Amino acid sequence: MEIKLLACRNPKWVIVKMPEMDENNNVKKDDEGNLILQTVLDENGNPKKVIDVECQWSHLGDETQEFLHFFANPDDPMEHGRKLYQEIIDGKHGDIADE
């Protein structure tokens, strides 16, 4: 099945965060039961960022569907995700807002 982007809007950079794990590989929580998150770093030690963008996709309906959040990144396992990331970087979908 070919997946086509119908529309997208509001691209915004976000820093990737993951739950912190304890020595037994269990998710750590604070005293109130909230997950403790840590920033994911790239190979250079910088915070890893992806682009949060609202999208409509062909395999989910037509142009009347709700916009859904999609996290575009250059390492997406699917071609349509990598293509969208590059289009956003190239400015084809407007400016990317800061986090």
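Rules and cut-offs
- Residues numbered from 1 in each chain as written.
- Predicted model: local features only at pLDDT ≥ 70, side-chain atom pairs only at ≥ 80, totals over all residues.
- Heavy atoms only, no water.
- Helix = DSSP H or I, 4+ residues; strand = E, 2+ residues; numbered from the N terminus.
- Rg over C-alpha atoms; globule rule 2.2 N^0.38 Å.
- Buried < 20%, exposed > 50% of the residue type's maximum accessible area, 1.4 Å probe, protein only.
- Contact = heavy atoms within 4.5 Å.
- Areas by Shrake-Rupley, 256 points an atom, 1.4 Å probe, with all protein chains shown as cover.
- Lys, Arg positive; Asp, Glu negative; His and termini not counted.
- Charge placed at Lys NZ, Arg CZ, Asp CG, Glu CD.
- Core = buried A, V, L, I, M, F, W, Y, C linked by side-chain atoms within 4.5 Å.

J.: I'd like to hear about the overall build of the protein, residue by residue, with values.
T.: Along the protein, the regular secondary structure elements total one helix and five strands. Overall, the protein shows an N-to-C arrangement of helices and strands of β-β-β-β-β-α. Against the compact-globule benchmark of 13 Å for 99 residues, the protein has a radius of gyration of 16 Å, which places it well outside the compact range. With the C-alpha coordinates of the protein rotated into their principal frame, the extents come out at 45 × 30 × 25 Å. Taking all 99 residues of the protein together, 24% fall into the buried category. Residue pairs in contact within the protein that sit at least 24 positions apart in sequence constitute 51% of those at least 6 positions apart. For the protein, the accessible surface area stands at approximately 7,200 Å², while carbon and sulfur atoms represent 46% of it. Taking the average place of the 11 positive charges on the side chains of the protein and the average place of its 22 negative ones, the gap between the two points comes to 3 Å.

J.: Describe the nonpolar core, with residues and values.
T.: Ile3, Cys8, Ile51, Val53, Cys55, Trp57, Phe70, Ala72, Leu84, Tyr85 and Ile88 form the largest nonpolar core, which has eleven residues in total. Sorting the residues of this core by element identifies β4 (49-57), β5 (68-72) and α1 (79-89) as the ones contributing at least two each. Top element by residues in this core is β4. It accounts for four residues. In this view, Tyr85 contacts Trp13, Ile51, Ala72, Asn73 and Pro74; residues no more than four positions away in its chain are not counted.

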